Amino acid sequence: PRVTAGTAKAPSRYLAGRMVGAARLDGAVIRAVRDDRFATFQALQVVLLAVLSAAMSGILPARDSRIALVATIIAWLAWVFFAHLAATRALGLGEAKSDWNRLLRTVGMALAPAILLLFSRIPFAGLVFFAVATVWTAVAMTGAVRHTYDDATWSKAIQASLVGWLAAGIVYAAIVLIDGQGRGG
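The model shown is predicted, which means the values in this text are computed figures rather than measured ones.

Colleague: Requested: an account of a nonpolar patch on the surface, with residues and values cited.
Modeller: On the surface, a cluster of nonpolar side chains totalling about 540 Å² of accessible area is made up of Leu48, Leu52, Met56, Leu118, Phe119 and Ile122. Among the structural elements, Met56 can be located in helix α3 (residues 39-57).

This is the structure in structure tokens:
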């Protein structure tokens, strides 16, 4: 769209622009992703890129990389579901019957910084890439929670995100442990 003097530039509908906007915690981009039902597929693409980056970096703890990939995607879904429950039910954000797909889209897009995990195997610099990707992704996901629910404060977004992280950790560990026991390990 054409931008004229005195008007703000519309958020990008392209995947790369949305990834950058979500990583920059740009509220306009995050809200555009939240409200665009067609952005679900884009968010899932980012999730797959982030999960593949983590798998290729070797940081996913599991014997079988296929199990690690599946466990990570299921853990992400658990993160979104439980963070949404915490936000809407416990913290009173949004409408109680609000659609969790909105958070699924924004948090999926917020995983863009996790793609930097690809570089975590570089000698010496890898640790820096790992730290930056991990912290940046956590902040971006929390920012996605904040911008998904219009009445959210950073405090409430952090609380909902912590619930999501706890749930995701439990789900991931359970899947990996069950897989390990099934393999006689």
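Colleague: Quick one: what's the story with the packing of aromatic side chains, residue by residue and with numbers?
Modeller: Tallied over the entire structure, the rule returns four aromatic pairs. When the ring of Trp79 is compared with that of Trp165, the centres are 5.8 Å apart and the planes differ by 80 degrees; the resulting orientation is edge-to-face. With a gap of 86 residues between them, Trp79 in helix α4 (residues 65-90) and Trp165 in helix α7 (residues 154-182) connect regions that are remote in the sequence. The exposure class of Trp79 is buried, given its relative accessible area of 1%. For the ring pair Phe81 and Phe82, a centre distance of 5.2 Å and an interplane angle of 85 degrees mean the geometry is edge-to-face. Relative accessible area serves as the criterion here: at 37%, Phe81 is assigned to the partly exposed category. Residue Phe82 is classed as partly exposed on the basis of its relative accessible area of 36%. Counting every residue linked through ring pairs, the aromatic cluster contains Phe81, Phe82 and Trp100.

Colleague: Would you mind going over helix α1 (residues 15-23) in detail, with residue names and values included?
Modeller: Of all the positions in α1, only Arg18, Met19, Gly21, Ala22 and Ala23 are classed as buried. At its buried positions, α1 is contacted by α2 (27-35), α3, α5 (101-110) and α6 (125-148). Among the residues trailing α1, Leu25 stands out with phi positive, at a value near 60 degrees.

Colleague: Got a sec to walk through the confidence of the model for the protein? Specific residues and values, please.
Modeller: Residues at a pLDDT of 70 or more form 90% of the protein, whose mean pLDDT is 90. In the predicted structure, residues 1-7 sits below a pLDDT of 50 and forms two contacts with residues beyond four places in sequence or in another chain.

Colleague: Can you lay out the pattern of salt bridges for me, pointing to particular residues and giving the numbers?
Modeller: For the structure shown, the criterion picks out six salt bridges. As a salt-bridge pair, Arg18 and Asp36 come within 3.0 Å of each other at their nearest N and O atoms. Here the residue Arg18 occupies a position in helix α1, and Asp36 occupies one in the loop between α2 and α3, the gap between them amounting to 18 residues. Exposure class is identical for Arg18 and Asp36. Each is buried. Of the charged contacts, one joins Arg34 and Asp35 as a salt bridge, the two residues approaching to 2.8 Å between their closest N and O atoms.

Colleague: Account for the packing of α4 against α5, with residues named and values stated.
Modeller: Direction vectors running N to C along α4 and α5 enclose 130 degrees, while the axes themselves pass 10 Å from each other. It follows that α4 is oblique to α5 by the angle criterion. Viewed along their axes, α4 and α5 form a crossing whose handedness is right-handed. Across from Trp76, Leu77, Trp79, Val80, Ala83 and His84 in α4, the residues of α5 making contact are Leu103, Leu104, Val107 and Gly108. The residue makeup of the contact of α4 with α5, split by class, is eight nonpolar, two polar and no charged.

Colleague: Provide a residue-level description of the nonpolar core, including the pertinent values.
Modeller: What tends to happen in soluble globular proteins is that the nonpolar side chains get buried as a cluster. Counting residues in hydrophobic clusters, the biggest one holds 44 residues, and the most contacted among them are Trp79, Val107 and Val145. With nine residues, α4 is the single largest residue contributor to this core. Contact partners of Val107, with chain neighbours within four places excluded, come to Trp76, Trp79, Val80, Met141, Ala144 and Val145.

Colleague: Lay out the environment of Ala43 with the relevant residues and their values.
Modeller: Considering the arrangement of structural elements, one finds Ala43 in helix α3. Those residues in contact with Ala43 that sit more than four places away from it in its chain are Leu104, Arg105, Gly108 and Met109.

Colleague: Outline unusual backbone geometry, supporting the account with residue identities and numerical values.
Modeller: The phi dihedral of Leu25 is positive, around 60 degrees, even though this residue is not glycine. Within the fold, Leu25 resides in the loop between α1 and α2. Overall, Leu25 belongs to the partly exposed group, its relative accessible area being 27%. Phi is positive for Phe124, which is not a glycine, with a value near 70 degrees.

What counts and what doesn't
Residues numbered from 1 in each chain as written. Predicted model: local features only at pLDDT ≥ 70, side-chain atom pairs only at ≥ 80, totals over all residues. Heavy atoms only, no water. Patch = residues over 30% accessible without salt bridge, like charges linked within 9 Å, V, L, I, M, F, W, Y side chains within 5 Å. Areas by Shrake-Rupley, 256 points an atom, 1.4 Å probe, with all protein chains shown as cover. Salt bridge = Lys/Arg side-chain N within 4 Å of Asp/Glu carboxyl O. Helix = DSSP H or I, 4+ residues; strand = E, 2+ residues; numbered from the N terminus. Phe/Tyr/Trp six-rings, centres within 6.5 Å; stacked < 30°, edge-to-face > 60°. Buried < 20%, exposed > 50% of the residue type's maximum accessible area, 1.4 Å probe, protein only. Contact = heavy atoms within 4.5 Å. pLDDT = per-residue confidence, 0-100. Axes fitted to C-alpha atoms, helices over the stretch in contact; angles between N-to-C directions. Parallel < 35°, antiparallel > 145°, perpendicular 65-115°, else oblique. Left-handed = near helix turned anticlockwise from the far one by under 90°. Nonpolar A, V, L, I, M, F, W, Y, C, P; charged D, E, K, R; others polar. Core = buried A, V, L, I, M, F, W, Y, C linked by side-chain atoms within 4.5 Å.

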